[in-house]
Amino acid sequence: MMIKEKRQIFIFLLFALVVLLVPIFLKGSYFLNVLVFIGINTLLAVALNLLLGYAGQISLGQAAFFGLGAYISGILTTRFPVDPWLALVVAAGCASVLAFVIGFPILKLKGHYLAMATLGFGIIVYIIFNETVDWTGGPSGLSGIPNLRLGPFVFDNDRNNYYLVWMMTLGVMLLSINLSQSRIGRALRAINDSEVAARVMGVNARMMKVQIFTVSAFVSAIAGSLYAHTITFISPASFGFNFSVELLTMVIIGGLGSIYGSFLGATILTMLPEFLRVFRDFDIVIYGLMLILITMFMPAGLIGGIEMSIKIIAEKIKGSAENNA
Amino acid sequence: MLKVESITQIFGGLTALENVSFSVAPHSITGVIGPNGAGKTTLFNIVTGLYTQTEGKVYLGDKNISFFEPEVLARLGLVRTFQNVELFGQMSVLENVMVGLHTKSKSGIFSCAFKLPGQIKEEKRIKEKAYQWLEFTGLADSADVTACNLPFGKGRLLEISRAMAVEPQIILMDEPAAGLNSRETAGLAGLIRKIQELGVTIVLVEHDMELVMDVCESIIVLNLGKKLAHGTPREIQENKAVIAAYLGED
Amino acid sequence: MDNPSQLVQYILTGLSNGAIYALIGFGFAIIHNATGILNFAQGEFVMLGGMFTIFILSFLNIPLPMAIVLAIAFSTLVGILFERLAIRPLKNVKPLSLVIITIGASIFIRGAAMLIWGKDTHALPAFSGNEPLYVYGATIMPQHLWIFGITILIIIANKLFFSYSILGKAMRACAYNAYAASLVGIDVKIMVLLSFVVSAAIGSMAGIIIAPLTMTSYDVGIMLGIKGFCAVIIGGMSSGLGTVLGGLLLGLLESLGAGYISASYKDAFAFIILLLILFIRPEGLFKQKETQRV
Ligand SMILES: Nc1ncnc2c1ncn2[C@@H]1O[C@H](COP(=O)(O)OP(=O)(O)OP(=O)(O)O)[C@@H](O)[C@H]1O
Ligand SMILES: [Mg+2]
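Residues numbered from 1 in each chain as written. Chains lettered and ligands numbered in written order. Predicted model: local features only at pLDDT ≥ 70, side-chain atom pairs only at ≥ 80, totals over all residues. Heavy atoms only, no water.

**Q** Even after reading the chapter, I still don't get the site of ligand 1, so can you show me in this structure?
**A** Around ligand 1, a shell composed of 16 residues is seen, among which N36, K40, T41, T42 and H207 of chain B lie nearest. Each of chains B and C places residues near ligand 1. K40 of chain B has a polar side-chain atom sitting 2.7 Å from an oxygen atom of ligand 1. Sorting the residues of the shell around ligand 1 by element identifies β2 (14–24) and α1 (40–47) of chain B as the ones contributing at least two each. Among the elements that make up the shell around ligand 1, the one with the highest residue count is α1 of chain B (three residues). Residues of the shell around ligand 1, tallied by class, amount to five nonpolar, eight polar and three charged. (Near = heavy atom within 4 Å. Polar contact = N/O pair within 3.5 Å; in protein donor to acceptor, adjacent residues only side chain to side chain. Helix = DSSP H or I, 4+ residues; strand = E, 2+ residues; numbered from the N terminus. Nonpolar A, V, L, I, M, F, W, Y, C, P; charged D, E, K, R; others polar.)

Shown next, in the form of structure tokens:
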């Protein structure tokens with residue numbers, strides 16, 4: 001068990017190291033720009049994974065929290081003289097409070113009912129983004145959102161943004177991994193496997209689900225705020241139902257409950273449309289197909305598949321070594 | 001210890017329990033028997049807060065627990081096992097028991113995510129404690145097995161280990177011997193006695209009459225939702241109404 | 001409400017939309033009762049009905065009724081394929097997987113429709129012209145009458161099918177207890193397939209009769225689907241009167257809300273109603289509470 005923990009720390013450090021070194025090798029700024037979005041999407045996928053992969057509760061309204069983060073941040077900094085950092089904190093705070101409040105009634109629901117309710121919530125928020133034109137600029141969007149800055153250091157180019165976003169993403173990934181192997185993570189996974197049994201063991205399932213929903217909204221809103229301050233322009237189209245489905249696809253492809261899986265899923269779904277034209281036209285068909293096929297044939301996602309193949313290969317090697325001996 | 005007062009449960013048109021009352025003495029082993037559909041599981045579901053009874057009250061000691069949620073009851077020391085084994089299938093055996101220690105620990109989401117020192121210490125304590133419970137039930141060898149890969153008999157034991165980790169005052173077991181072979185059943189009888197020795201009150205729903213007559217000090221018979229008899233194993237074995245119910249007469 | 005004819009107009013629109021929602025709700029209930037699945041892709045059948053009809057008409061020079069029959073046949077075929085390819089192969093899956101698979105199917109069908117037919121909005125010709133009738137100063141399109149007529153017919157047919165036909169009774173038996181049904185010789189697999197057939201057929205019919213009034217495009221399925229879901233939730237997951245009332249209620253509230261409060265929040269009203277119902281009475285307005293078995 002200690003070995004497992006050590007290995008985990010090692011893997012994370014390795015991952016973090018690679019992430020931090022990448023910009024040195026990538027001078028071409030376009031690719032770095034894509035990596036910034038991969039970071040933001042990873043953040044969002046991890047946030048959904050906490051809810052869906054750990055606790056087994058689906059949400060089709062994640063884009064709404066992402067959007068709330070972006071819009072609250074955007075509105076505060078463009079219409080009021082609010083510091084972007086403060087705006088980020090307020091945005092994350094507001095989204096969490098909202099999640100906490102609606103979490104109680106919404107997480108009483110299960111399965112399809114929960115999916116429909118979160119979808120309904122997401123669409124209501126989306127309609128509000130579109131219709132409150134005086135605040136949000138409506139369908140044509142909100143521009144001129146200022147960049148974040150630390151003293152003289154302004155996050156206005158891809159390299160700086162990369163570090164900004166990825167520091168946040170790495171932090172959230174580490175915390176999520178920690179959470180999984182803890183009392184709270186176990187309680188969440190227990191709820192996922194058998195909610196009644198978890199409750200009988202003293203786990204306050206309702207509260208636990210609301211908590212993780214709130215955390216998920218908090219992280220999504222931070223991602224939204226970072227998004228708004230890095231690209232400086234937002235419009236409702238980025239926060240609709242399709243994006244919620246995209247996030248769901250990222251989590252499912254990577255593997256439910258796997259934090260690196262979420263990174264993998266986010267990477268794949270961010271890169272493919274960037275580099276494959278076909279993908280851009282076919283995107284929702286492919287997402288739909290992926291959701292079906294992965295759920296049917298690879299329920300542990302790509303990471304699960306990779307782990308499985310490593311195991312099989314390792315056993316083969318071990319087996320042949322034993323045969324030789 | 002546990003007192004059930006005039007419990008009635010109606011599902012739609014079906015009366016699953018009708019005016020059932022009894023009480024269970026502290027530190028005793030009480031059997032609840034009855035033909036299929038008699039309402040035994042329903043009774044457990046009401047006592048453990050999973051169902052809301054149509055009428056009647058439940059007391060734990062002096063406390064009226066009639067409408068308590070299961071998670072609150074766990075903290076008060078009332079736990080159960082399930083007839084259709086409800087393990088946390090994707091988690092290891094050890095982790096299953098660690099969930100049983102949920103009420104015995106208190107790190108919040110923040111200290112868990114940041115691995116604060118208190119949390120690390122607590123985690124270590126939970127792990128050791130969980131391991132001890134696995135040794136208690138004889139599952140320690142399987143600690144790292146994923147629960148869904150466990151053979152059925154061990155699954156039943158794991159449910160008991162997990163419930164014991166809550167350190168209950170009273171444990172309700174729903175057909176713990178169902179699906180076990182005779183050797184496993186014998187082991188189970190020993191385990192039940194061992195649990196009693198820890199000072200835990202036990203209520204047992206079981207179809208295996210040999211086991212029930214062997215370990216139980218008192219037996220409650222349910223039939224078609226009604227309490228038919230309550231007495232010592234000997235009294236029950238000689239009770240005409242009970243015999244009639246089991247032979248399917250009216 | 002200074003203008004009574006306007007009110008009548010809103011009510012008419014609300015009722016005709018509501019009838020559609022009820023039909024879509026039926027589709028949800030039929031599959032749910034046979035399989036325990038809430039088919040997220042239900043709205044896509046509705047979209048397929050309208051789109052198939054439009055494109056059959058534009059490619060084949062055949063009369064509208066024939067095109068409608070063909071369109072329903074095609075939509076039903078999609079339903080069959082969905083069941084055979086994505087539902088039947090599943091064994092012992094977690095409920096969450098079913099949720100995800102039907103979501104996947106729904107966006108897959110929508111995406112495919114977009115690729116095949118493009119993103120444009122299309123109008124189906126009205127069944128019998130656009131000469132409006134006037135009732136208390138409100139205009140009724142003949143299509144409204146078609147909607148009411150066909151909806152009533154489907155409700156009656158549905159009732160007769162489930163109450164009197166052998167197949168309908170067999171499907172109800174499966175819904176009640178699939179295992180017991182299989183013991184008395186009912187082929188549960190066929191019944192599940194049949195539920196997809198019936199529900200795709202009803203859904204696509206709904207999509208066809210509404211298309212002349214509201215236009216249709218590849219993406220109308222989500223909104224219509226959720227509203228149908230809302231109707232069936234109000235009706236307590238039955239394909240009966242409760243769902244019809246649910247649909248009409250939703251249609252009315254939505255139409256009055258859009259008329260008197262704000263048109264741009266029309267869809268939001270439906271979703272707020274959905275959330276309220278789910279929060280307050282998820283078991284439906286007309287049904288007794290059930291206890292989940294443990
Ligand atoms: N949630 C529920 N909804 C409707 N009916 C229920 C529910 N739970 C139990 N019942 C019904 O109540 C009756 C009693 O069931 P129960 O499970 O308590 O029987 P049991 O004594 O445990 O039987 P067995 O020995 O087969 O486990 C049965 O007729 C059952 O169908
Ligand atoms: Mg039982």
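After that view of the structure, there is still more to cover.
**Q** Just to check I follow, could you spell out the pairing of strand β3 (residues 29–33) of chain B for this structure?
**A** Residues in a regular strand point their side chains to alternate faces of the sheet. All names here are of chain B. In terms of burial, β3 is largely enclosed, as five of its five residues are buried. Side chains of β3 alternate between two faces, with I29, G31 and I33 and T30 and V32 buried alike. In this structure, β3 lies alongside strand β8 (residues 201–205), joined through four bridges in parallel fashion. The partner of V32 across the bridge, within β8, is V205. (Buried < 20%, exposed > 50% of the residue type's maximum accessible area, 1.4 Å probe, protein only. Pairing = 2+ DSSP bridges.)

**Q** How should the pairing of β2 of chain B be read in this particular structure?
**A** Residues and elements named next belong to chain B. Where strand β1 (residues 2–11) and β2 come together, seven bridges link them in antiparallel fashion. When the bridges of β2 are listed, F11 appears paired with L14. Hairpin connection, β1 to β2: the antiparallel pair is bridged by two residues, and G12 has positive phi, about 55 degrees.

**Q** Can you help me understand the sheet that holds strand β5 (residues 63–64) of chain B in this one?
**A** In any sheet, the strands associate via hydrogen bonds between backbone groups, in a parallel or an antiparallel arrangement. Residue and element names in this part refer to chain B. In space, the four strands of this open sheet follow the order β2-β1-β4-β5, with antiparallel pairing throughout. In the strand order of this sheet, the two ends are held by β2 and β5, each with one partner. Here β1 runs beside strand β4 (residues 55–60); their pairing, made up of five bridges, is antiparallel. Counted as the bridge partner of T8 is E55 from β4. Sitting on the sheet, α1 touches β1, β2 and β4, and the angle it makes with β1 is about 115 degrees. (Contact = heavy atoms within 4.5 Å. Axes fitted to C-alpha atoms, helices over the stretch in contact; angles between N-to-C directions.)

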